Amino acid sequence: MQPEPAQGQPGGPAARRRPPLREVGEEPDYRFTLANERTFLAWIRTALALLAAGVAVVQLIPQFGIPYGRHVLGVALSVLSLIVALTSYARWEHSERAMRLNQPLPHSRLPQLLGWGLAVISIVAMALVLISAGQAGG
Amino acid sequence: VSGAAPVPDGPLDNEEVLDRGLQNERTYLSWQRTGLSYAAVGALLLHGSGGRGLSVRMVPGMLALVAAATLMLRAYLHYRGTHHRVRQDLPAVAPRLIAGVAALTAGLALGGLVLQVTWR
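Residues numbered from 1 in each chain as written. Chains lettered and ligands numbered in written order. Predicted model: local features only at pLDDT ≥ 70, side-chain atom pairs only at ≥ 80, totals over all residues. Heavy atoms only, no water.

Chemist: Mind showing me how you'd approach the overall build of chain B here?
Modeler: Assigned secondary structure in chain B consists of 3 helices and 0 strands. With 120 residues in all, chain B has 42% of them scored as buried. Across chain B, contacts joining residues at least 24 apart in sequence account for 67% of those joining residues at least 6 apart. Per element, the accessible surface of chain B, about 6600 Å² overall, is 65% carbon and sulfur. (Helix = DSSP H or I, 4+ residues; strand = E, 2+ residues; numbered from the N terminus. Buried < 20%, exposed > 50% of the residue type's maximum accessible area, 1.4 Å probe, protein only. Contact = heavy atoms within 4.5 Å. Areas by Shrake-Rupley, 256 points an atom, 1.4 Å probe, with all protein chains shown as cover.)

Chemist: Help me understand the layout of surface pockets, please; the structure alone is not making it clear to me.
Modeler: Any empty space left between the atoms is revealed when a probe the size of a water molecule rolls over them. Residues and elements named next belong to chain A. Of the pockets and cavities examined, the largest pocket occupies roughly 280 Å³. What lines the largest pocket is a set of 17 residues, among which Asn36, Arg91, Trp92, Ser95 and Pro106 lie closest to the centre. Within the residue set of the lining of the largest pocket, elements represented by two or more residues are helix H2 (30-59) and helix H3 (69-100). A per-element tally of the lining of the largest pocket places H3 first, with 8 residues. Here the residues of the lining of the largest pocket are counted per class, giving 8 nonpolar, 8 polar and 1 charged. (1 Å grid on protein atoms, 1.4 Å probe; cavity = no way out; pocket = protein on both sides within 12 Å on 5 of 7 lines; lining within 4 Å. Points joined across faces, edges and corners; volume = space filled by probe spheres on them. Nonpolar A, V, L, I, M, F, W, Y, C, P; charged D, E, K, R; others polar.)

Chemist: Is there a simple way to explain the confidence of the model for chain A in this structure?
Modeler: Low pLDDT means the predicted atomic positions in that stretch should not be read closely. Averaged over every residue, the pLDDT of chain A is 86; the share at 70 or more is 88%. Overall, residues 1-15 of chain A carries pLDDT values under 50, and its contacts beyond four positions in sequence, including any with other chains, amount to 5 contacts. (pLDDT = per-residue confidence, 0-100.)

Chemist: What is the right way to read unusual backbone geometry from this model?
Modeler: Leaving glycine out, the prevailing phi sign among residues is negative, and the prevailing peptide bond configuration is trans. Positive phi, close to 60°, is recorded for A:Asn102, a residue that is not glycine. Tracing the backbone shows A:Asn102 in the loop between H3 and helix H4 (110-137). With a phi angle near 50°, B:Leu22 is a residue other than glycine that sits in the positive phi range. Relative to the assigned elements, B:Leu22 resides in the segment before helix H1 (23-47). For B:Leu22, a relative accessible area of 38% gives the class partly exposed.

Chemist: Teacher, can you tell me more about the interface of chain A and chain B here?
Modeler: It is common to give the size of an interface as the accessible area lost on bringing the parts into contact. With 37 residues of chain A in contact, the opposing surface of chain B contributes 42 residues. For the pair chain A and chain B, the summed buried area comes to about 3600 Å², and 71% of that belongs to carbon and sulfur atoms. It is A:Tyr30, A:Arg38 and A:Leu48 in chain A that bury the most area against chain B; as a group they hold 18% of the surface buried on that side. Taken together, the connections running from chain A to chain B amount to 0 salt bridges. For the pair chain A and chain B, the number of links is 11 residue pairs in polar contact (both at pLDDT 80 or more). Elements supplying a minimum of two residues to the side of chain A that touches chain B: H2 and H3 of chain A. Residue composition of the side of chain A that touches chain B, by class: 20 nonpolar, 8 polar and 9 charged. (Buried area = accessible area lost by both parts, 1.4 Å probe. Salt bridge = Lys/Arg side-chain N within 4 Å of Asp/Glu carboxyl O. Polar contact = N/O pair within 3.5 Å; in protein donor to acceptor, adjacent residues only side chain to side chain.)

Chemist: Explain the packing of aromatic side chains to me, please; I cannot follow it from the model alone.
Modeler: Two aromatic rings are characterised by how far apart their centres lie and by the angle between their planes. All names here are of chain B. Applying the stated criterion across every chain, the model contains 4 aromatic pairs over all chains. An angle of 75° between the planes, with centres 6.2 Å apart, marks the rings of Tyr28 and Tyr76 as edge-to-face. In this pair, Tyr28 is assigned in helix H1 and Tyr76 in helix H2 (residues 59-87), connecting sequence segments 48 residues apart. On the basis of relative accessibility, which here comes to 23%, the residue Tyr28 falls in the partly exposed class. (Phe/Tyr/Trp six-rings, centres within 6.5 Å; stacked < 30°, edge-to-face > 60°.)

Chemist: Could you clarify how one ought to interpret the nonpolar core in this entry?
Modeler: Soluble, globular proteins show a tendency: their nonpolar side chains are buried together. Core analysis: the largest hydrophobic core is formed by 27 residues, its most contacted members being A:Phe40, B:Trp31, B:Tyr38, B:Val41, B:Val101 and B:Leu108. Put simply, the parts of the chain that give this core at least two residues each are H2 of chain A together with H1, H2 and helix H3 (95-117) of chain B. The element that contributes the greatest number of residues to this core is H2(A), accounting for 7 residues. Those residues within four positions of B:Val101 in sequence are excluded, and the remaining contacts are A:Phe40, A:Ile44, B:Trp31, B:Tyr38 and B:Leu71. Within the second largest apolar cluster, 15 residues are counted, among which are A:Leu80, A:Ala85, A:Leu114 and B:Ala106. (Core = buried A, V, L, I, M, F, W, Y, C linked by side-chain atoms within 4.5 Å.)

Chemist: Sorry, what's going on with the packing of H2(B) against H3(B) here?
Modeler: Two quantities define a packed helix pair, namely the angle between the axes and the distance from one axis to the other. Residues and elements named next belong to chain B. Two numbers describe how H2 lies on H3: the axes approach to 11 Å, and their chain directions differ by 160°. Classified by the interaxial angle, the pair formed by H2 and H3 is roughly antiparallel. When you trace H2 past H3, the crossing you get is left-handed. Contacts from Pro60, Leu63, Ala64, Ala67, Leu71, Arg74 and His78 in H2 reach Leu97, Val101, Leu104, Leu108, Gly111 and Leu115 in H3. Of the residues contributing to the contact of H2 with H3, the split by class is 10 nonpolar, 2 polar and 1 charged. (Axes fitted to C-alpha atoms, helices over the stretch in contact; angles between N-to-C directions. Parallel < 35°, antiparallel > 145°, perpendicular 65-115°, else oblique. Left-handed = near helix turned anticlockwise from the far one by under 90°.)

Chemist: Please clarify how the pattern of salt bridges should be interpreted in this entry.
Modeler: Side chains that differ in sign of charge can pair as their charged atoms come close. Residue and element names in this part refer to chain A. Counted under the stated rule, the structure contains 4 salt bridges over all chains. Two residues, Glu93 and Arg18, come together in a salt bridge whose shortest N-O distance is 2.8 Å. With Glu93 in helix H3 and Arg18 in the loop between helix H1 (13-16) and H2, this pair connects stretches of sequence that are 75 residues apart. On the basis of relative accessible area, Glu93 is assigned to the buried category, the value being 10%. The exposure class of Arg18 is partly exposed, given its relative accessible area of 44%.

This is the structure we're talking about:
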């Protein structure tokens with residue numbers, strides 16, 4: 001017989017590990033579970049779209065006048081994609097856990113980070129285009 | 001018109017949809033869109049892998065295309081599975097599938113990043 005998973009033993013590995021999702025609280029309405037799943041998938045598609053944009057910037061658009069200009073934009077978009085992908089499971093899991101425990105859903109800073117990140121990338125892209133146009137004209 | 005569609009009660013045939021909000025169907029379509037996104041990213045990554053015969057640079061693109069095909073097939077099984085689990089009052093949550101997709105996407109993003117850094 002396997003020992004029960006130890007909970008609340010300070011310092012031990014079991015104390016750091018949270019109990020499996022299915023053993024926490026009670027089963028929520030399946031419609032909420034599916035809504036959470038769709039939100040997770042929307043974040044995954046966002047990560048994929050950011051990655052596609054990053055790849056397209058490096059490979060498909062013409063060179064800027066500034067060396068490595070395309071790479072800077074492409075890598076920034078891909079890093080955003082990586083952040084979204086890496087945090088997606090934790091975000092889904094925290095929401096599901098909160099639903100099972102009938103607690104308020106956790107707040108995420110990722111929408112804010114993504115908004116600011118894309119705004120900065122857009123401004124840098126615009127600056128690169130303007131500088132390249134200026135070099136070509138002058 | 002009420003906001004949330006109540007789950008219909010009484011005897012139901014297995015082929016009947018779970019609720020009037022078509023939650024399971026919308027989730028299925030969401031999985032399909034995610035599969036198509038993988039396919040689009042895979043095509044782009046393969047396009048950018050150089051196209052000069054087989055090389056290790058093709059791995060992220062191939063991985064994305066295989067993931068796209070797997071996901072689109074798996075989506076239907078997941079749809080049917082959810083349907084039956086809800087009918088039998090079993091949990092609808094699928095943590096392993098979610099974790100797999102998250103890990104795959106992170107791996108792909110990392111692969112894409114490496115391709116870009118090494119692109120000439």
